[in-house]
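The residues making up each chain are set out below.
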Amino acid sequence: MRIAYFSPLPPAPSGIAVYSAALLHTLRTQAEITAFVDDALLPQIAPDFPVSVRAISTFRGPLAERFHTCVYQMGANIRFHAAIYATLHRYPGITVLHDLNLASFFGEMYLRIGQTARYTRLVAATYGQSGLEYIRAAHRGEIAYDVAHYPLFEPVVQRSLGTLVHSKFAEAQLRRYCPSAAIGQTHLLADIAAPRIDTAEARAQLDYAATDLIVAAFGYAAPQKRLDQLLIAVARLRPEFPQLRLAIVGKVIDGYDLAAHVTALGLADITRITGYVDDAELHTYLAATEIGANLRYPTLGESSATLVALMAAGKPTLVSAVDAFAELPDTACVKIAVDAAEEAEIATALRTLLTDAALRQQIGAQARAYAESHCSPSRVAQQYLQFIETKLKLPSQPAARIV
């Protein structure tokens, strides 16, 4: 099978880039892959990348280039996915939808350059009269833009020959709003084969003490990651656990003054806000972490690559008991209800884990086992190929290593 594969790739600061790099190492052994990236990203790709990489502008179409299909990794970041969407729209293929909510993607595509009429037509074509009334009122400033109820994933799903998502929750959403579309599910990918870093060595590299108890949250830092609630819980526990440390590993979104919240709670001396880190530093922080925090509410139907990375690293992790995260096994994570008692529940869960090393090890082992059995590159690659073969009605092909 010959596949044209469209995605950002490392060193682009994108979780989807990291995902694709790990997947392609395995997928290339079972299909002939050519990867396509945004023209501006091409000069940054390592010359020894395991598959051939070309600029998107050179793509002449699947028929002209004799590809069986195109695979599009679609996210909401306009910087990395604008050219991918344009190609998808011209040459429909199999889309892997990483973000259920694309309202901000299309908003940035059209509204930032003043094409209000195009955005209005897109919303109206997708949601009918109610969508038209909503978007006109939003443009006039009478109501807020409502990305939760008008997520705009439909134009991508309806244009695709088939769409893969990463949870049962996301699959149900797509089936509800795009009932005639071909939808499938694949798990998020964990780089199971990544070298394991010794915890003590990782802490030394990051200038932590060997006795520090590190609670860490990874990825973009935003209010919906429940970081304010996590900070309050850490402030409650600090007198009991003088070795407690908090790491926020990732870029803080614009407009969110996380540092001010940290300072106001008196946690500046035990909290690190790293900003964006590269893949090597990310894995060092993962190794140094004692307990992960991957809380989210509200969600927009997304799954979390950093959660899978924490699980693959064998870290007990707090998750919000909602949407895709509620599907995880209770034994492989610690689920936190999103209600009035959320802060107290976070504090209780952290206290229990901080005082019980055996429990931390037990949950971490179950998390690692889940990642190995469900999220390995080999399993995900096989799910891709089965979906493609089914939707394109291709015969199953024996694996052949493409050098």
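Residues numbered from 1 in each chain as written. Predicted model: local features only at pLDDT ≥ 70, side-chain atom pairs only at ≥ 80, totals over all residues. Heavy atoms only, no water.

Novice: Explain the overall build of the protein to me, using residue names and the numbers behind them.
Specialist: Tallying secondary structure elements over the protein gives 14 helices and 13 strands in all. The globule rule puts the C-alpha radius of gyration for 403 residues at 22 Å, and the 22 Å found for the protein is close to it. When its C-alpha atoms are laid out on the principal axes, the protein stretches across 65 × 55 × 35 Å. When the 403 residues of the protein are sorted by exposure, 52% land in the buried category. Across the protein, every contact between residues at least 6 apart in sequence was considered, and the portion connecting residues at least 24 apart equals 69%. (Helix = DSSP H or I, 4+ residues; strand = E, 2+ residues; numbered from the N terminus. Rg over C-alpha atoms; globule rule 2.2 N^0.38 Å. Buried < 20%, exposed > 50% of the residue type's maximum accessible area, 1.4 Å probe, protein only. Contact = heavy atoms within 4.5 Å.)

Novice: Talk me through helix H8 (residues 227-237); I want residue IDs and the actual numbers.
Specialist: For H8, every residue scored as buried is listed here: Leu227, Gln229, Leu230, Leu231, Ala233, Val234 and Leu237. Of the surrounding elements, those touching the buried residues of H8 are strand E8 (213-218), strand E9 (244-249), helix H9 (258-264), strand E11 (291-294) and helix H12 (342-355).

Novice: Describe in detail helix H13 (residues 357-374), supporting the description with residues and values.
Specialist: The end-to-end C-alpha distance of H13, which contains 18 residues, comes to 26 Å, matching closely the 26 Å that a straight helix rising 1.5 Å per residue would cover. Listed in full, the buried residues belonging to H13 are Arg360, Ile363, Gly364, Ala367, Arg368, Tyr370 and Ala371. For H13, the buried positions fall inside an angular range of 160 degrees around the axis, keeping them on one side. The exposed residues of H13 that point more than 90 degrees off its buried face are Ala358, Gln361 and Gln362. Here the buried face of H13 lies against E11, helix H11 (305-312), strand E13 (334-336) and H12. Between the side-chain oxygen at the start of H13 and the backbone nitrogen of Ala358 there is a gap of 3.2 Å, and the oxygen is on Asp356. (Expected span 1.5 Å × (residues − 1). Arc of directions from axis to C-beta. Polar contact = N/O pair within 3.5 Å; in protein donor to acceptor, adjacent residues only side chain to side chain.)

Novice: Tell me about the packing of helix H2 (residues 78-90) against helix H3 (residues 103-110), and please be specific about residues and values.
Specialist: Put simply, H2 and H3 touch, their axes get as near as 11 Å, and they point 80 degrees apart. Relative to H3, the element H2 is oriented roughly perpendicular. Contacts between H2 and H3 involve Ile78, His81, Ala82 and Tyr85 on the former and, on the latter, Phe105, Phe106, Glu108 and Met109. The class makeup of the residues in the contact of H2 with H3 is six nonpolar, one polar and one charged. (Axes fitted to C-alpha atoms, helices over the stretch in contact; angles between N-to-C directions. Parallel < 35°, antiparallel > 145°, perpendicular 65-115°, else oblique. Nonpolar A, V, L, I, M, F, W, Y, C, P; charged D, E, K, R; others polar.)

Novice: I'd like a description of the packing of aromatic side chains, backed by residues and values.
Specialist: This structure, assessed with the given rule, holds 14 aromatic pairs. Ring geometry for Tyr134 against Tyr150: centres 4.0 Å apart, planes inclined by 5 degrees, an arrangement best described as stacked. Of this pair, Tyr134 sits in helix H4 (residues 116-139) while Tyr150 sits in the loop between H4 and helix H5 (154-159); the two residues are 16 residues apart in sequence, bridging distant segments of the chain. Using a relative accessible area of 9% as the deciding quantity, one classes Tyr134 as buried. Among the aromatic residues, those joined into a cluster by ring pairs are Phe6, Phe36, Phe59, Phe67, Tyr72 and Tyr91. Directly above the ring of Phe67 sits Arg2, whose terminal nitrogen or CZ lies 4.5 Å from the centroid. (Phe/Tyr/Trp six-rings, centres within 6.5 Å; stacked < 30°, edge-to-face > 60°. Lys NZ or Arg CZ within 6 Å of the ring centre and 35° of its normal.)

Novice: Account for the state of the cysteines, naming residues and giving values.
Specialist: As used here, a disulfide is simply a covalent bond connecting the sulfur atoms of two cysteines. The final tally for this structure, using the stated rule, is zero disulfides. Unpaired in terms of disulfides, Cys333 finds its nearest cysteine sulfur in Cys375, a separation of 12 Å. (Disulfide = S-S within 2.5 Å.)

Novice: Tell me about the sheet that holds strand E7 (residues 183-185), residues and numbers included.
Specialist: Reading across the sheet, the seven strands line up as E3-E2-E1-E4-E5-E6-E7 and stay open at both edges, with parallel pairing between neighbours. One side of each edge strand has no neighbouring strand; the edge strands of this open sheet are strand E3 (52-55) and E7. On average, adjacent strands in this sheet sit at an angle of 25 degrees to one another, irrespective of strand direction. Bridge count for strand E2 (residues 32-37) against E3 is four bridges, and the pairing is parallel. In the sheet register, Ala35 faces E3, and the bridge partner there is Val53. (Pairing = 2+ DSSP bridges.)

Novice: Got a sec to walk through the sheet that holds strand E10 (residues 271-273)? Specific residues and values, please.
Specialist: Strands sit in the order E10-E9-E8-E11-E12-E13 across an open sheet of six strands; the sheet is parallel. Two strands bound the open sheet, and with one partner strand each, they are E10 and E13. Looking at each pair of strands side by side, their axes are set apart by 20 degrees on average, direction ignored. Two elements, E8 and E9, share six bridges in a ladder whose sense is parallel. In the sheet register, Ile214 faces E9, and the bridge partner there is Arg245. Contacting E8, E9, E11, strand E12 (317-320) and E13, H12 runs over the sheet at an angle of about 165 degrees to E13.

Novice: Residues and numbers for the nonpolar core, please.
Specialist: Counting 49 residues, the largest nonpolar core has Ile3, Tyr5, Tyr19 and Leu23 as its most contacted members. Residue contributions to this core peak at seven residues, all from helix H1 (residues 15-27). If we skip the residues at most four places from it in the chain, Leu23 touches Tyr5, Gln73, Leu189, Pro377, Val380, Ala381 and Tyr384. Ranked by size, the runner-up nonpolar core spans 40 residues in total, among them Tyr72, Tyr110, Tyr150 and Val165. (Core = buried A, V, L, I, M, F, W, Y, C linked by side-chain atoms within 4.5 Å.)

Novice: Outline the confidence of the model for the protein, listing residues and values.
Specialist: Averaged over every residue, the pLDDT of the protein is 93; the share at 70 or more is 98%. Note on residues 397-403: pLDDT under 50 across the span, and 14 contacts to partners over four residues away in sequence or across chains. (pLDDT = per-residue confidence, 0-100.)

Novice: Go over the pattern of salt bridges with me, naming the residues and quoting the values.
Specialist: Between side chains of opposite charge, a pair can form as their charged atoms come close. Counted under the stated rule, the structure contains 13 salt bridges. We note a salt bridge from Glu240 to Arg351, for which the minimum N-O separation is 2.8 Å. Residue Glu240 is found in the loop between H8 and E9, and its partner Arg351 is found in helix H12; the two are separated by 111 residues along the sequence. Each of the salt bridges in this network shares a partner with another, and the network as a whole consists of Arg203, Glu290 and Arg360. (Salt bridge = Lys/Arg side-chain N within 4 Å of Asp/Glu carboxyl O.)

Novice: Kindly report on a negative patch on the surface, identifying the contributing residues and their values.
Specialist: Side chains of Asp191, Asp278, Asp279 and Glu281 sit close together on the surface and give a patch of like negative charge. With respect to the helices and strands, the residue Asp191 is situated in the loop between E7 and helix H7 (199-205). Overall, Asp191 belongs to the partly exposed group, its relative accessible area being 41%. (Patch = residues over 30% accessible without salt bridge, like charges linked within 9 Å, V, L, I, M, F, W, Y side chains within 5 Å. Areas by Shrake-Rupley, 256 points an atom, 1.4 Å probe, with all protein chains shown as cover. Lys, Arg positive; Asp, Glu negative; His and termini not counted. Charge placed at Lys NZ, Arg CZ, Asp CG, Glu CD.)

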